[in-house]
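Per-entry structural report
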Amino acid sequence: MRYISTRDNNTSVTPSQAILQGISKDGGLFVPEEIEKIDLKNLVNMDYKSLAYEIISRFFTDFNEESLLEAIDNAYDEKFINQEIAPLVELGDIYLLELFHGPTLAFKDMALSILPYLLIESKRINNMEEEIIILTATSGDTGKAALEGFAHVKGTKIVVFYPEEGVSKIQKLQMDTQEGDNTFVVGINGNFDDAQNGVKEILNDDSFRELLKDNHYRFSSANSINIGRLVPQIIYYFNSYLKLLRDGKITKDEKINIAVPTGNFGNILAAYYGGKMGLPINKLICASNENNVISDFIQTGLYDRRRELSLTTSPSMDILVSSNLERLLYHLGYKDKELKRLMRDLTHNGIYEIDKNKLDEFYSSYSTDDEVESTIEKIFKDYDYLVDTHTAVGINVYEKYKKETGDKTKTVIASTASPFKFGNTVAKAIGINIENKSDFEIIEDLSNKTNLTIPKGVRDLKDKKITHKNKCEVDQMEEQIKRFLQIGDNDV
């Protein structure tokens, strides 16, 4: 298997090199030159770890079997509080794929638990001696999951930038209390797109790369622009389909819908890759919040980020520039010069357009904050089940799809985070008075009303010490990294 850049077919690297680089030097993202079909009948009785090996080994072909099995075993261990890793819960005519049983209570754990092991092995394969600097922008969940995965990992340091006013209070606390001498967290005065664009610019800064090289460092990324982060997300879609098959909920080769709340398009792209590998998918349902740039794109073929970013109750999706769409465009036939032109139009004009007929595999719509709140209330009332704000976006958009199309295909909805990470909105939605109460008082009330145990990852935050107090403007991100690494002129 080789990986090529979306912007230059002549750029070809091995899997481990793609993982190490994170992003191609030409600014493109790495994509597999082919996606291998997989026979489902050989997978039906596999547990999560065995399935993980079957899928990942097809993408990362320069890893030996022993090292890959060790990485999988270390990633999906007791840190996941549910032995199934990603259980499937039936609610009426939908199946919620619970992806929040990892250490940071969000779906990002599913891939970021294994990425550190993939990176360290990639270093060994390529005889690399430099220390890896993981550079990450986050809209809330990626940051903590990456920090948790890389904290104390020898040979690595991790730098996370998040929008100071664009994450929930619990998400912010999770990051600012992170322990580990190799971790560095910075809140920026800007939104997620500012953080993401800043990270991309730094990753593509030749002079900064040279400065790092002179100091025996090398950049990589934990965002889903890194193929090592994206591929492990394919696993749980196969796992959910196979569970439906084992439980007799579907028959052999029966198609399902997959609905995914998404802002950066990585999580639904993993489902798209699953379909290319042979997963029987009828429709990919892309759920947006009020920042509905992806929804508009799928409906019209016009991607237009020229709008004000809204700060919503589903903050992990408050994004206007969806990086992983570049990979989808590549697979839809937009490559090399044509793709460069589209990305250039997006950067300079804030807009590009493609043939909307190429997007027929997808359906998309969006949810308002009011619809999110009413969905949380309805699910709790009807099923005595609590969902977070992002999952509510997915459920609400699925309901719109069903009403619009009449489609009765069985549907898996990605449930991406614990409701306790967004306690204020969730509590208010189910009738809890939140006025003049602290976040932790609200979480206690939420636990008492629902008879759900407060997850340890949230409960322990109350007494944790703030270890990161770094703030900066967007144009100071590079200087913050220099200060952390103690290289160059790092006066901030």
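So, here's what we can say about the structure. Just so you know, these numbers come straight off a predicted model, no measurement behind them.

Going through the model one piece at a time under the given rule, you end up with four cavities of 30 Å³ or more. Surrounding the largest cavity, 25 residues form its lining, Phe107, Lys108, Gly263, Asn264 and Ser316 being those nearest its centre. Broken down by class, the residue content of the lining of the largest cavity amounts to eight nonpolar, 14 polar and three charged.

For the largest pocket, the calculated volume is near 510 Å³. Residue lining of the largest pocket: 20 residues in total, with Arg7, Asn197, Lys200, Met343 and Thr347 positioned closest to the centre. At the level of elements, helix H8 (192-203), helix H14 (325-331) and helix H15 (336-349) are the ones that each hand at least two residues to the lining of the largest pocket.

Attention shifts here to unusual backbone geometry. The backbone of His152 sits at a positive phi, close to 70°, despite the residue not being glycine. Among the secondary structure elements, His152 is positioned in the loop between helix H6 (141-150) and strand S7 (156-163). Classification of His152 by relative accessible area gives exposed; the value is 60%. Phi angles above zero are rare outside glycine, and Asp253 is one such case at about 70°. Note on placement: Asp253 falls in the loop between helix H11 (234-246) and strand S10 (256-261). On the accessibility criterion, Asp253 (52% relative accessible area) is exposed.

Compared with the 24 Å implied by 1.5 Å per residue over 17 residues, the 24 Å span of helix H17 (residues 389-405) between its first and last C-alpha is a close match. Downstream of H17 by a residue or two, Gly406 has a phi angle that is positive, lying close to 75°.

Okay, the sheet that holds strand S9 (residues 217-221) next. Reading across from one edge, S9-S6-S7-S8-S16 is the order of the five strands in this open sheet, with parallel pairing throughout. Since the sheet does not close on itself, it has two edges, and those belong to S9 and strand S16 (470-472), each with one partner. The average angle at which neighbouring strand axes cross in this sheet is 25°, direction not considered. Across the sheet, helix H7 (residues 169-176) touches S7, strand S8 (183-188) and S16, and the angle it forms with S7 is around 155°. Contacts from H8 reach strand S6 (131-137), S7, S8 and S9 within the one sheet, and its direction differs from that of S6 by about 150°.

The next thing to look at is the side chain of Glu326. Among the secondary structure elements, Glu326 is positioned in helix H14. Each residue touching Glu326, except ones within four places of it in the same chain, is listed here: Thr6, Arg7, Gly27, Gly28, Leu29, Leu339 and Met343.

Moving on: the packing of helix H2 (residues 48-59) against helix H3 (residues 65-75). One way to put it is that H2 packs onto H3 with a least axis distance of 10 Å and a crossing angle of 135°. Considering the angle they form, H2 stands oblique to H3. Between H2 and H3 the crossing geometry is right-handed. Residues Lys49, Ala52, Tyr53, Ile56 and Ser57 of H2 touch H3, and the partners they reach there are Glu65, Leu68, Leu69, Ile72 and Asp73. A class-by-class count of the residues in the contact of H2 with H3 yields six nonpolar, one polar and three charged.

Within S8, six of the six residues are buried, which leaves the element mostly enclosed by the surrounding structure. In this structure, S7 lies alongside S8, joined through six bridges in parallel fashion. The partner of Pro163 across the bridge, within S8, is Ile188. Chirality of the crossover, the property in question, places the unit of S7, H7 and S8 among those that are right-handed. Relative to S16, S8 runs parallel, the two sharing three bridges. Looking at the pairing, Val186 lines up with Asn470 of S16.

Within strand S5 (residues 94-98), five of the five residues are buried, which leaves the element mostly enclosed by the surrounding structure. Covered by surrounding structure in S5 are Ile94, Leu96 and Glu98 together with Tyr95 and Leu97, the residues of both alternating faces. Where strand S4 (residues 88-91) hands over to S5, the hairpin turn is made up of two residues, of which Gly92 adopts a positive phi near 60°. Bridge analysis of S5 against strand S15 (residues 411-415) gives five bridges, and the strand direction is parallel. Paired with Leu97 across the bridge in S15 is Ala414.

Procedures and definitions
Residues numbered from 1 in each chain as written. Predicted model: local features only at pLDDT ≥ 70, side-chain atom pairs only at ≥ 80, totals over all residues. Heavy atoms only, no water. 1 Å grid on protein atoms, 1.4 Å probe; cavity = no way out; pocket = protein on both sides within 12 Å on 5 of 7 lines; lining within 4 Å. Points joined across faces, edges and corners; volume = space filled by probe spheres on them. Nonpolar A, V, L, I, M, F, W, Y, C, P; charged D, E, K, R; others polar. Helix = DSSP H or I, 4+ residues; strand = E, 2+ residues; numbered from the N terminus. Buried < 20%, exposed > 50% of the residue type's maximum accessible area, 1.4 Å probe, protein only. Expected span 1.5 Å × (residues − 1). Pairing = 2+ DSSP bridges. Axes fitted to C-alpha atoms, helices over the stretch in contact; angles between N-to-C directions. Contact = heavy atoms within 4.5 Å. Parallel < 35°, antiparallel > 145°, perpendicular 65-115°, else oblique. Left-handed = near helix turned anticlockwise from the far one by under 90°. Right-handed = clockwise from strand over helix to strand, strands pointing away.

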